[in-house]
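# Summary of the model geometry
Listed here are the chains, written in short residue letters.
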Amino acid sequence: MATQQFESAKKLILHFTQKNSMNTETDIKGVMPELEKELSRRPKKVCIVKMVGTRNLWKNIVVLCVNSLTGFGIHHCFARSMMGHEVKVPLLENFYADYYTMASIALASCLAMCVVVRFLGRRGGLLLFMILTALASLLQLGLLNRMSDSVKDKFSIAFSIVGMFASHAVGSLSVFFCAEITPTVIR
């Protein structure tokens, strides 16, 4: 119905009413006459290319897609950085330890994302997590070169955890925000 394909909509409504054993005469009396009136119109097809014509929507979707790509891409880099260290703790020699660590960081990120978005809003939360991701990345790249090897590993793991936390939130928020602003027909 959103794309004005009323013939298909009528068939679906009749199919649903028959499957649910509804009386088509009494239960949907206001719907069918309205559909009958609209059947004379031609169906309107909507294509994703129509987004190019709406400049603001197109710009927002491209920015959010790049944010999502960057967030999940750098998340992978932080994960590789965290797993690249030799494990000196016997408890963490388990094969699944890295997986459970990343899953718990993602879960904590999702929970924190909900709280932050509640207080700061979507854009404020996205900005906060992008700043945290950038800080973790810059500190890991720039600060660790000036440290001794014994301290470098500990700080690298700490910055990787913070970076994974924030970058997962950036990617998830970008996907949710992009899905929200994209029109239903295009989604």
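With an unreviewed UniProt entry as reference, the protein is termed Solute carrier family 22 member 23, source organism Myotis davidii.

## As for the UniProt feature "transmembrane region" (unreviewed entry) in the protein
Per the UniProt record, "transmembrane region" (unreviewed entry) is found at residues 60–79, 99–119, 126–143 and 155–179. Secondary structure content for residues 60–79 is 100% helix and 0% strand, and the end C-alpha separation is 28 Å. With 100% helix and 0% strand, residues 155–179 has its two end C-alpha atoms placed 36 Å apart.

## Things to note about the packing of helix H3 (residues 55–83) against helix H5 (residues 149–181)
Taken N-terminus to C-terminus, the directions of H3 and H5 make an angle of 155°; their axes are 7 Å apart at the nearest point. As the angle between them shows, H3 and H5 are arranged roughly antiparallel. For the crossing formed where H3 meets H5, the hand is left-handed. Classifying every residue of the contact of H3 with H5 by side-chain character gives 18 nonpolar, 14 polar and no charged.

## Section: H3
Given a rise of 1.5 Å per residue, 29 residues ought to cover 42 Å, and the 42 Å separating the end C-alpha atoms of H3 matches this to within 8%. Of the surrounding secondary structure, the elements contacted by the buried residues of H3 are helix H4 (97–143) and H5.

## What about the environment of Val 117?
If you trace the backbone, Val 117 turns up in helix H4. Sequence separation between Val 117 and Leu 173 is 56 residues, and the spatial gap between their C-alpha atoms is 9.1 Å. For Val 117, the residues in contact, after removing those within four places along its chain, are Arg 122 and Leu 173.

## Observations concerning a nonpolar patch on the surface
Judged by side-chain polarity, Leu 127, Ile 131, Leu 135, Leu 139 and Leu 143 come together as a nonpolar surface patch covering roughly 430 Å² of accessible area. Given the relative accessible area of 35%, Leu 139 is considered partly exposed.

What counts and how
Residues numbered from 1 in each chain as written. Predicted model: local features only at pLDDT ≥ 70, side-chain atom pairs only at ≥ 80, totals over all residues. Heavy atoms only, no water. UniProt positions renumbered as here; feature names shortened; annotations may be inferred. Helix = DSSP H or I, 4+ residues; strand = E, 2+ residues; numbered from the N terminus. Axes fitted to C-alpha atoms, helices over the stretch in contact; angles between N-to-C directions. Parallel < 35°, antiparallel > 145°, perpendicular 65-115°, else oblique. Left-handed = near helix turned anticlockwise from the far one by under 90°. Nonpolar A, V, L, I, M, F, W, Y, C, P; charged D, E, K, R; others polar. Expected span 1.5 Å × (residues − 1). Contact = heavy atoms within 4.5 Å. Patch = residues over 30% accessible without salt bridge, like charges linked within 9 Å, V, L, I, M, F, W, Y side chains within 5 Å. Areas by Shrake-Rupley, 256 points an atom, 1.4 Å probe, with all protein chains shown as cover. Salt bridge = Lys/Arg side-chain N within 4 Å of Asp/Glu carboxyl O. Buried < 20%, exposed > 50% of the residue type's maximum accessible area, 1.4 Å probe, protein only.

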